[in-house]
2 protein chains.
Amino acid sequence: MNKFQVTILGCGSAIPTTMHNPPSQLVDLNEKLFMIDCGEGTQLQMRKFKARISKLHSLFISHLHGDHIFGLPGLLSTLSMLGRTGDLHIYAHKEINLLIKPFLIYMGKHMSFRIKLFPLNPERQELLFENKSIRIFSFPLKHRIATNGFLFEEKESPRHIIREIIDLYQIPLKQIPEIKEGADFITSDGTIIRNDILTSPGNPPRRYAYCSDTAYAPEIVPYIKNVDLLYHEATFAESELIRAGETYHSTARQAAEIARAANARQLVIGHYSSRYNELGTLLKEAVAVFPNTELAAEGKVFEL
Amino acid sequence: MNKFQVTILGCGSAIPTTMHNPPSQLVDLNEKLFMIDCGEGTQLQMRKFKARISKLHSLFISHLHGDHIFGLPGLLSTLSMLGRTGDLHIYAHKEINLLIKPFLIYMGKHMSFRIKLFPLNPERQELLFENKSIRIFSFPLKHRIATNGFLFEEKESPRHIIREIIDLYQIPLKQIPEIKEGADFITSDGTIIRNDILTSPGNPPRRYAYCSDTAYAPEIVPYIKNVDLLYHEATFAESELIRAGETYHSTARQAAEIARAANARQLVIGHYSSRYNELGTLLKEAVAVFPNTELAAEGKVFEL
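Per an unreviewed UniProt entry, chain A is named Ribonuclease Z, and its organism is Proteiniphilum saccharofermentans.

Thoughts on the pairing of strand E2 (residues 24-29) of chain A
For a regular strand, side-chain orientation follows a simple rule: the groups alternate between the two sheet faces. All names here are of chain A. Here E2 lies mainly inside the structure; six of its six residues are buried. The two faces of E2 match: Ser-24, Leu-26 and Asp-28 on one face and Gln-25, Val-27 and Leu-29 on the other face are all buried. Note that strand E1 (residues 4-10) and E2 share six bridges and pair antiparallel. If you follow Ile-8 over to E2, its bridge partner there is Gln-25. Bridging between E2 and strand E3 (residues 32-36) involves five bridges; their strand directions are antiparallel. Residue pairing across strands places Leu-29 opposite Lys-32, the latter belonging to E3. Linking E2 back to E3 in an antiparallel pair, the connection comprises two residues, with Asn-30 at a positive phi of about 55°.

Notes on the sheet that holds strand E8 (residues 134-140) of chain A
All names here are of chain A. Spatially, the seven strands line up as an open sheet ordered E7-E8-E9-E14-E15-E16-E17, and their pairing is mixed. Edge positions in the open sheet fall to strand E7 (126-130) and strand E17 (293-295), since each of these has one partner strand only. Here the strands of the sheet are splayed against their neighbours by 20° on average, with no regard to which way each runs. Across four bridges, E7 lies against E8 in antiparallel orientation. What sits directly across from Glu-126, in E8, is Ser-138. The sheet strands contacting helix H10 (residues 280-287) are strand E16 (266-270) and E17, and the helix crosses E17 at an angle near 165°.

Overview of the relation of the copies chain A and chain B
Placing chain A over chain B gives an RMSD of 0.0 Å and needs a rotation angle of 180°, together with 0.0 Å of translation along the axis. When the rotation and shift are considered jointly, the pair of chain copies conforms to a two-fold rotation axis. The C-alpha atom lying nearest the rotation axis in chain A is that of A:Gly41; the distance is 2.6 Å. A symmetric contact is evident, with 100% of the interface residues of chain A recurring at the interface of chain B.

Side note on the side chain of B:Thr78
When you line up the elements, B:Thr78 lands in helix H2 (residues 72-81). Given the relative accessible area of 1%, B:Thr78 is considered buried. Polar contacts involving the side chain of B:Thr78 include one to the side chain of B:Gln43, which spans 2.6 Å. In contact with B:Thr78, not counting residues within four places along its chain, are A:Ile15, A:Pro16, B:Gln43, B:Arg47 and B:Ile53.

Let's talk about the interface of chain A and chain B
With 31 residues of chain A at the interface, the matching set in chain B holds 31 residues. Surface buried jointly by chain A and chain B totals about 2700 Å² across both partners, of which 72% is contributed by carbon and sulfur atoms. Across the chain A-chain B interface, the total number found is zero salt bridges. On inspection of chain A and its partner chain B, the count reaches six residue pairs in polar contact (both at pLDDT 80 or more). Breaking the side of chain A that touches chain B down by element, the ones donating at least two residues are helix H1 (42-48), helix H2 (72-81) and helix H3 (96-107) of chain A. When grouped by side-chain class, the residues that make up the side of chain A that touches chain B number 16 nonpolar, 11 polar and four charged.

Digging into the domain arrangement of chain A
Looking at chain A, the domain boundaries give domain 1 (4-157 + 203-303) and domain 2 (160-200). One C-alpha centre belongs to domain 1 of chain A, the other to domain 2 of chain A; they are set 43 Å apart.

Observations concerning the packing of aromatic side chains
Residue and element names in this part refer to chain A. All told, the structure shown has 20 aromatic pairs over all chains when counted by the stated rule. Ring geometry for Phe-34 versus Phe-129: centroids 5.8 Å apart, planes at 55°, classification tilted. Within this pair, whereas Phe-34 is found in strand E3, its partner Phe-129 is found in strand E7, the two being separated by 95 residues in sequence. Phe-129 shares its class with Phe-34; the two are buried. Centroid distance Phe-60 to Phe-150: 5.6 Å. Interplanar angle 70°. Geometry classified as edge-to-face. Taken as a pair, Phe-60 in strand E4 (residues 56-60) and Phe-150 in strand E9 (residues 148-154) lie far apart in primary sequence, 90 residues in all. Joined through ring pairs, the aromatic side chains of Phe-34, Phe-60, Tyr-91, Phe-118, Phe-129, Phe-150, Phe-152 and Tyr-208 make up one cluster. Sitting over the ring of Phe-113, Arg-84 keeps its end group 5.8 Å from the ring centre.

Side note on the UniProt feature "binding site: Zn(2+) 1" (unreviewed entry) in chain A
All names here are of chain A. Annotation from UniProt places "binding site: Zn(2+) 1" (unreviewed entry) at His-63, His-65, His-143 and Asp-213. Of the residues just listed, which span 151 residues, no C-alpha pair is farther apart than 10.6 Å, and they cluster in one region. Of note, His-63 is situated in the loop between E4 and H2. The class for His-63 is buried, based on a relative accessible area of 0%. Sequence-distant contacts of His-63, that is, excluding residues within four places in its chain, are made with Asp-37, His-68, Ile-69, His-143, Ile-145, Ala-146, Thr-147, Ser-212 and Asp-213. For His-63, the side chain forms a polar contact with the side chain of Ser-62, separated by 2.8 Å. Inspection of the secondary structure assignment puts His-143 in the loop between E8 and E9. In this structure His-143 touches His-63, His-65, Asp-213, Thr-214, Thr-247, Tyr-248 and His-249, once residues within four positions along its chain are discounted. Here His-65 takes part through its side chain, which lies 3.4 Å from a polar atom of the side chain of His-143.

Notes on the UniProt feature "binding site: Zn(2+) 2" (unreviewed entry) in chain A
Residue and element names in this part refer to chain A. Under the feature "binding site: Zn(2+) 2" (unreviewed entry), the UniProt entry names Asp-67, His-68, Asp-213 and His-271. A maximum C-alpha distance of 10.8 Å places the annotated residues, which cover 205 residues in sequence, within one compact spot. Within the secondary structure, Asp-67 sits in the loop between E4 and H2. Sequence-distant contacts of Asp-67, that is, excluding residues within four places in its chain, are made with Ser-13, Ala-14, Pro-22, Pro-23, Gly-39 and His-271. In terms of polar contacts, Asp-67 uses its side chain to reach the backbone amide nitrogen of Ala-14, at 3.4 Å. Residue placement: His-68 occurs in the loop between E4 and H2. Beyond its immediate sequence surroundings of up to four residues, His-68 is in contact with Pro-23, Asp-37, Cys-38, Gly-39, Ile-61, Ser-62, His-63, Tyr-210, Ser-212, Asp-213 and His-271.

Digging into the state of the cysteines
Under the counting rule described, the total for this entry stands at zero disulfides over all chains. For the unlinked cysteine A:Cys38, the closest cysteine sulfur is that of A:Cys11, found at 15 Å.

Points about the side chain of A:Asn21
Mapped onto the fold, A:Asn21 is located in the loop between E1 and E2. The class of A:Asn21 is buried, set by a relative accessible area of 14%. Contact partners of A:Asn21, with chain neighbours within four places excluded, come to A:Leu9, A:Gly10, A:Cys11, A:Gly12, A:Glu40, A:Gln45, A:Glu298 and B:Leu44.

Definitions and limits used
Residues numbered from 1 in each chain as written. Chains lettered and ligands numbered in written order. Predicted model: local features only at pLDDT ≥ 70, side-chain atom pairs only at ≥ 80, totals over all residues. Heavy atoms only, no water. Buried < 20%, exposed > 50% of the residue type's maximum accessible area, 1.4 Å probe, protein only. Helix = DSSP H or I, 4+ residues; strand = E, 2+ residues; numbered from the N terminus. Pairing = 2+ DSSP bridges. Axes fitted to C-alpha atoms, helices over the stretch in contact; angles between N-to-C directions. Contact = heavy atoms within 4.5 Å. Least-squares fit on C-alpha atoms with pLDDT ≥ 70 in both. Polar contact = N/O pair within 3.5 Å; in protein donor to acceptor, adjacent residues only side chain to side chain. Buried area = accessible area lost by both parts, 1.4 Å probe. Salt bridge = Lys/Arg side-chain N within 4 Å of Asp/Glu carboxyl O. Nonpolar A, V, L, I, M, F, W, Y, C, P; charged D, E, K, R; others polar. Domains from an automatic or database assignment. Phe/Tyr/Trp six-rings, centres within 6.5 Å; stacked < 30°, edge-to-face > 60°. Lys NZ or Arg CZ within 6 Å of the ring centre and 35° of its normal. UniProt positions renumbered as here; feature names shortened; annotations may be inferred. Disulfide = S-S within 2.5 Å.

Here you go:
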């Protein structure tokens, strides 16, 4: 089974604390690193947690609030100093250009690679990236400014050959690939051996969804239905419900409601307000609604 | 005696490591914090080392290489979120405007305070700031782009009253201030009591100089003559002397040569290249020329 894991680099919010860095995560899909958000200090967190910067494939920026982007200049500059040559694709709101262009002009003659910006659609779901094994989608969240969530989805894997049956019918090696794709086998006497006799289903495709920052928004549920892992912001405890509404953030209970409505397998909460020194209340309030909830923490790795 | 101390927030160089953050320092002069340079993660380092962000007086940026400025957006944004109202003065190369303006536009409606930019003169020494107890100067360094060093200088303090003599002559309280400033005293019978009988010299003014980044440049010595503490970059060991010259950086030995020529009391070296996992060689090479040398380290405080 391919590697599919999520590493939390930062799970704080606007004001960093000594406990939590600004938002950033790495999705490691089969040794390619997809970064979501890039708060100040993200490149330092990568080093701290021994993430290989050379494996960085592309960047996905949920929205243009400072805590999600202030690590970009440093990261881009370091990538260049380390001699990256491959294009770097950045998926973000189109105005990100205004923010990073001055830095690029400044570093202009030194940049060792090209940056390609792909504007996100803040209105509807969109396929951003696809290769032979995965698809990455964006979808709209509900925040003070245009904000997108992201869905990382494995493609259906080929069916597994049942070795004993293959041996039994002495199926030639060159026919194996098409049988994996679903073909039947016809024996020399013309008997059809149905594919579901020859194979068992492939691994079920795994899916990871990232929802931050967002107000409580049940309308996002269709985009994240049945995900294996859901990261949903939980900036506030229930005691700050009104403040959560005003600032277009969620409470831990609301994050759990979304996880339950989406029938997620596991929920991870984060984007904690700097007012919380301990997170027991947030966890308790989420678990009451959705038991399989875990707190995000810097350096924590979630395997799918 | 007034507080005069330097806290190292970061003493690495262009590529951050797990050991060293990008450059930044705080000069605490009588409970006012003057920040020199602001690499990525500086606001996080302030929190880590419990520096009071509310005491931040002004910023001094040596030059516009990324490792010295990429912490600015995050710091400015946090200052605003915490509700700073006083103007923030930033002394830097005039083009810093191009780099931070887009962030300011973006944060525009939210900024709680005004930023005033003061362009540095990259050609000659200049008085940047003065109040009743200190003066801050910039002076040119020798780097790939326009770069300035900074000198923080106490003003001469008033002479100390010698209590016993004052009592002996029954000098009225209201005359004490002028005597502290150097006036003589005339007794009722017309005898002149010379000031140097009445007072002893005030504390000698203390001086701190920051020289980073710079090639070996003996021409800076006049600006930093007789400082109590000299921070001088030592990016490389002597084995990288040629590379130091090419990149307009210094070796540890060269930093020590400058300290000796300037007759500094103490030298602190920093801005270590990321290639050094241990700094014993750098320290040894500096100490051979200037014994009173110390290695900078994150969180270290130097009292003047």
